[in-house]
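Breakdown of the fold
Residue strings, one per chain:
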Amino acid sequence: MPGGIFRVCLVVITAIVNHPLLFPRENGTVPENTEEVIRKMKEREESLRLAQLRLEQEIAEQEARQKTLEKAAEVMEESKEKKVRWDMWTALSMVVFLLIELWRQDFQEGNWQDTGGDEDDMAVLGKAFKGVTFPDKAVLASFYEKRILGTTGDMARMREMVEGFADDLLEALRSVCNRDADMEVEDCMGVGSMYENWRVRKPFVCDLIVPFAPPEPYCFRSQTWCSDDSFSPDRQGYGTIKVCRADEDVTGCICDKTKLGEDMLCLLHSKTNATRPSSEMEDLLCFKNTQYLDADQVMKWFQIAVTKAWNRISHKYEFDLCFSLLDSPGALKIKFRSGKSIAFNLTPVVQYENSDVYFISHFPRSGLAADLPSSIHWFLTFAVYERRFIQLVSKTLPVNACHISCLQILSFLHGKQCSLTGPSGLTNYHLKTVMLHLLHACSSQDWAPEKLEARLQDMLKFLEKCLHEKKLYHFFIGNGKVPAELGLPVAFQRAEPLNLFRPFVLHRDVYRKTVDTFHEMLRNTSALINEYTVHIPFAHTNGIHKESL
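Just so you know, these numbers come straight off a predicted model, no measurement behind them.

Right, let's talk about the overall build of the chain for a bit. Looking only at helices and strands, the chain has 17 helices and ten strands in total. For the chain, the proportion of its 549 residues judged to be buried stands at 39%. Of the contacts formed within the chain by residues at least 6 apart in sequence, a portion of 71% connects residues at least 24 apart. With the model as given, the accessible surface of the chain reaches about 33,000 Å², and the carbon-plus-sulfur share is 55%.

As structure tokens, then:
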């Protein structure tokens, strides 16, 4: 029985242990869980694959955008580089162009005086000479001897008479002036064609300049266009003159430029040295309310002083003296009882520093020059240096050199042509400047008397070139090759060259008239010269040619 109970208990225990609710069998759920896991894994794999596709698509889009941005950046960089390269080449081209232009101008400015000595240049020039019959040496020599040479003695006698009378007149002027208040007048000097012996056309007119200075304690302080950038291009060749006290600081005190206030006092300038009243400056011939010397005021004072001086000495002479031209304040005329007259110009000037350059109150200008906006601008004349240069060079030339003869013939031809066709923009001063350039460029032997014809043609060709280029430079201004023995101030040699033909650029009608007159003069050269030439037999002419050959 215990064995039976034991077996029953064993069966019950076994049944309880094997009941599915108490101990479910793992093998029974495995198939179901595996399928679910597989399904979930497939779903997860699918979601991961979709996520990977989206990520790859986003990465591809991002890479595409990055490539687009990089490409755009490269395009912009290339365009910038191209622009930089273009700007660099443009700037480089402009620099090269400017350098070439500056070199061309420097070359012209440095060699303008050498043009006359270059035969190749002369061959290129002279287009206006085609078809023009030019007088030979024999005709020119006869013309010069008959028409021009005989006037030399008349000029010498006239110069002597005018200089003697001018000295007497100026001495009387000093006696009638107040030494403490009026300007101090110095001795006169002769300048221009009459004193350089190349004047050919009558009436002969002597040009005399009279330096003057202010009374003590005043002095003149000048300023030129080449030392002050405020001068406009149309005022090149001019300057201003300031009237100052001799003890006055050139730069001026700061009290003149700054308001010090009522309770402040300048220790350098007391009330006694205060700014001079306007009336006192006008007494010193200054422009109204300024310290600048007025050319019109100077000429009025000078005319009044000359009139007083003549009234004092008129009883000594058997002629009358009067002012001849209203537009030329210094033009005087001596009238003899016989009806003859002698004209001369007596013009006050101011010395530039300690040189022989002078500020001239009134300078005879051609129709090209415009009126100055103010009478405080004075023209600078180098007439004394021009006369001195001609005298210096003449010492090195052969006997009876033809430089003066060339200038006289050219001046005669131009004057005769202007009397036929009317005035032109060319003046005798332009012709004289041409001669000065060629004098400096050609060798001494080139001016031998037998080379008159060749040098005259050189002057005409040089003038034609200058007219064509509208450039004729002042001989002294900007010319660093001026002989040092002349003593010309260095400031003018270092200045920019002054183009005397600059007005032709602004006045095209006058330029065209001038060129036409010049060409007409060339065509009429033989006729104008033959009109005043003694007839020369043909055999004699041929003999002269054979001798020259």
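Attention now moves to the pairing of strand β5 (residues 238–245). Burial analysis of β5 places six of its eight residues in the buried class, the great majority of the element. As defined by bridge partners, strand β4 (residues 218–224) adjoins β5 across seven bridges and the pair is classed as antiparallel. The residue bridging Cys219 from the neighbouring strand is Cys244, located in β5. In the sheet, β5 pairs with strand β10 (residues 378–381) via two bridges, with the strands oriented antiparallel. Each bridged residue has a counterpart across the sheet, and for Tyr238 the counterpart in β10 is Phe379.

Here we come to helix α11 (residues 428–441). With 14 residues, α11 should reach 20 Å at 1.5 Å per residue; the first-to-last C-alpha distance of 20 Å fits that figure. The buried fraction of α11 amounts to ten of the 14 residues, a majority that puts the element mostly inside the structure. Tucked into the core, α11 has its buried residues touching α6 (193–196), α9 (383–394), α10 (403–421) and α12 (452–469).

Turning our eyes to something else, we now look at the packing of aromatic side chains. Under the criterion given, the structure shown has 24 aromatic pairs. Plain terms: the ring middles of Phe165 and Trp310 are 5.8 Å apart, the flat faces sit at 70 degrees to each other, and that makes the pair edge-to-face. Of this pair, Phe165 sits in helix α5 (residues 151–176) while Trp310 sits in helix α8 (residues 295–313), placing them 145 residues apart in sequence. The pair formed by Phe165 and Trp310 is uniform in burial state, with each residue classed as buried. In textbook terms, an aromatic cluster arises when at least three aromatic residues are bridged by ring pairs, as seen for Trp225, Tyr352, Phe359, Phe382, Tyr385, Phe389, Phe475, Phe476 and Phe492. The ring centre of Tyr195 lies 5.9 Å from the NZ or CZ of Arg159, which sits over that ring. Above the face of the Tyr511 ring, Lys470 is positioned so that its terminal group lies 4.5 Å from the ring centre.

This part covers the packing of α11 against α12. Where α11 contacts α12, the two axes come as close as 10 Å, and the packing angle between them is 110 degrees. Between α11 and α12, the interaxial angle falls into the category roughly perpendicular. Here α11 and α12 pass one another in a crossing that is right-handed. Touching Leu431, Val434, Met435, His437 and Leu438 of α11 are Asp458, Met459, Phe462 and Leu463, all from α12.

Turning next to a nonpolar patch on the surface. A contiguous nonpolar surface patch, about 260 Å² in accessible area, is contributed by Leu92, Val96 and Ile100. Judged by its relative accessible area of 52%, Ile100 falls in the exposed class.

Before going further, it helps to spend a moment on the pattern of salt bridges. Inspection of the entire model under this criterion finds 13 salt bridges. Asp168 serves as the salt-bridge partner of Lys316, at 3.0 Å between the closest nitrogen and oxygen. Of the two residues, Lys316 sits in the loop between α8 and β6 (319–323) while Asp168 sits in helix α5, which places them 148 residues apart along the sequence. Judged by its relative accessible area of 48%, Lys316 is partly exposed. Put simply, Lys432 and Glu386 hold a salt bridge, and the shortest N to O gap is 2.7 Å. Pair noted here: Lys432 is in helix α11 and Glu386 is in helix α9, with a separation of 46 residues, a long-range link. Across the pair, Glu386 and Lys432 agree in class, each one buried. One network of salt bridges, with partners in common, ties together Glu171, Arg174 and Asp187.

Here the focus is the environment of Leu436. Positionally, Leu436 belongs in helix α11. On the accessibility criterion, Leu436 (1% relative accessible area) is buried. Taking the C-alpha atoms as reference, Leu436 lies 9.6 Å from Phe476; in sequence the two are 40 residues apart. If we skip the residues at most four places from it in the chain, Leu436 touches Glu386, Phe389, Ile390 and Phe475.

The biggest cluster of nonpolar side chains holds 112 residues, and the ones touching the most others in it are Leu169, Leu293, Phe344 and Ile409. Of all hydrophobic cores here, the second largest spans seven residues; its members include Val191, Val349, Tyr358 and Ala383.

About the criteria used
- Residues numbered from 1 in each chain as written.
- Predicted model: local features only at pLDDT ≥ 70, side-chain atom pairs only at ≥ 80, totals over all residues.
- Heavy atoms only, no water.
- Helix = DSSP H or I, 4+ residues; strand = E, 2+ residues; numbered from the N terminus.
- Buried < 20%, exposed > 50% of the residue type's maximum accessible area, 1.4 Å probe, protein only.
- Contact = heavy atoms within 4.5 Å.
- Areas by Shrake-Rupley, 256 points an atom, 1.4 Å probe, with all protein chains shown as cover.
- Pairing = 2+ DSSP bridges.
- Expected span 1.5 Å × (residues − 1).
- Phe/Tyr/Trp six-rings, centres within 6.5 Å; stacked < 30°, edge-to-face > 60°.
- Lys NZ or Arg CZ within 6 Å of the ring centre and 35° of its normal.
- Axes fitted to C-alpha atoms, helices over the stretch in contact; angles between N-to-C directions.
- Parallel < 35°, antiparallel > 145°, perpendicular 65-115°, else oblique.
- Left-handed = near helix turned anticlockwise from the far one by under 90°.
- Patch = residues over 30% accessible without salt bridge, like charges linked within 9 Å, V, L, I, M, F, W, Y side chains within 5 Å.
- Salt bridge = Lys/Arg side-chain N within 4 Å of Asp/Glu carboxyl O.
- Core = buried A, V, L, I, M, F, W, Y, C linked by side-chain atoms within 4.5 Å.

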